[in-house]
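Tertiary structure, described
Given next are the chains, with one letter for each unit.
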Amino acid sequence: MKLYDLTLSGNCYKARLFLSLIGQAAEVVPVNLLKGEHKQPPFLAINPRGQVPVLEDGDVRVVDSQAILVYLARRYTDEAWFASDAQTQARIVGWLSFAANEMQHGPATARVARLFGRPIDEALTSERALAVMQLLEQQLVEHTWLAETAVPTIADIAVYPYAALAPEGGIDLAPYPAVRAWCSRIRELPGYVGMPGLE
């Protein structure tokens, strides 16, 4: 397998983390976004969206971090990471959507703005980020894992990076003890690997 990757990307980290958790190796191919490599013809031939991560597994190419998690869970693990019953699958997919929408437009946007100096509506982003963290806290006060399962699922892997990296966006995790405890549970999983900001 090959993973087209950016080290500082939380979305790329989801794929690296999950590969490690399930014991699957992949060649990591760095893509230099700061130099615009992701918008050049060689990379656009790999992913016309011009985004990382991209996973290549033989003749299979998967784009989007959430899609990569689903593919890896179905292809290389048992049902624990992506259960087959409809209700649990619906919960997991709901959290994958949450990762791509609410997390992306809240904590992730706040972090990117601080790390790379991108202009944002700070008041709106802060409001979104705090609402997201409160939703996470409420869920995790009541449940050990996001999808309300006995074990972690890809829902947890999808949401974890930008929640754990929230302080890099100026969001203090102190008011969210359940989120902090959940982050600790993820860090204790066999095969866990960190990334810059989470080491």
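Residues numbered from 1 in each chain as written. Predicted model: local features only at pLDDT ≥ 70, side-chain atom pairs only at ≥ 80, totals over all residues. Heavy atoms only, no water.

With that out of the way, let us pick up the overall build of the protein chain. Within the protein chain, the secondary structure is distributed over 7 helices and 4 strands. Ordered by position in the sequence, the α and β elements of the protein chain form the string β-α-β-α-β-β-α-α-α-α-α. For 199 residues, the compact-globule estimate of 2.2 N^0.38 gives 16 Å, and the C-alpha radius of gyration of the protein chain, at 16 Å, lies within 12% of that figure. Evaluated residue by residue, the protein chain yields a buried proportion of 48% over its 199 residues. Across the protein chain, every contact between residues at least 6 apart in sequence was considered, and the portion connecting residues at least 24 apart equals 64%. Summed over its atoms, the accessible surface of the protein chain is roughly 9500 Å², and 52% of this surface lies on carbon and sulfur atoms. Distance between charge centres in the protein chain, computed from 17 positive and 22 negative side chains, equals 5 Å. (Helix = DSSP H or I, 4+ residues; strand = E, 2+ residues; numbered from the N terminus. Rg over C-alpha atoms; globule rule 2.2 N^0.38 Å. Buried < 20%, exposed > 50% of the residue type's maximum accessible area, 1.4 Å probe, protein only. Contact = heavy atoms within 4.5 Å. Areas by Shrake-Rupley, 256 points an atom, 1.4 Å probe, with all protein chains shown as cover. Lys, Arg positive; Asp, Glu negative; His and termini not counted. Charge placed at Lys NZ, Arg CZ, Asp CG, Glu CD.)

Right, let's talk about the layout of surface pockets for a bit. Considering only enclosed or pocket space, the largest pocket measures out at about 670 Å³ in volume. In terms of lining, the largest pocket is formed by 27 residues, of which the most central are S9, N11, L33, V52 and Q104. Those elements that provide at least two residues to the lining of the largest pocket are helix 1 (10-21), helix 3 (65-76) and helix 4 (86-116). The space that makes up the second largest pocket amounts to roughly 220 Å³. Around the second largest pocket, the lining comprises 13 residues; the ones closest to its centre are A110, R114, I120, E122 and G169. Residue classes in the lining of the second largest pocket are distributed as 6 nonpolar, 4 polar and 3 charged. (1 Å grid on protein atoms, 1.4 Å probe; cavity = no way out; pocket = protein on both sides within 12 Å on 5 of 7 lines; lining within 4 Å. Points joined across faces, edges and corners; volume = space filled by probe spheres on them. Nonpolar A, V, L, I, M, F, W, Y, C, P; charged D, E, K, R; others polar.)

Now for the pairing of strand 1 (residues 2-5). For strand 1 and strand 2 (residues 27-30), the ladder comprises 4 bridges, and the chain directions are parallel. Across the sheet, the residue bridging to L3 is V28, located in strand 2. Running through helix 1, the crossover from strand 1 to the neighbouring parallel element strand 2 is right-handed. Both strand 1 and strand 3 (residues 54-57) contribute to a ladder of 3 bridges, which runs antiparallel. Residue pairing in the sheet places Y4 in a bridge with V54 of strand 3. (Pairing = 2+ DSSP bridges. Right-handed = clockwise from strand over helix to strand, strands pointing away.)

For D156, the location among the structural elements is in helix 6 (residues 154-164). The charged side chain of D156 is buried without a salt bridge, its nearest counter-charge being R185 at 7.1 Å. Excluding its chain neighbours within four sequence positions, the residues that come into contact with D156 are W145, L146, W182 and I186. (Salt bridge = Lys/Arg side-chain N within 4 Å of Asp/Glu carboxyl O.)

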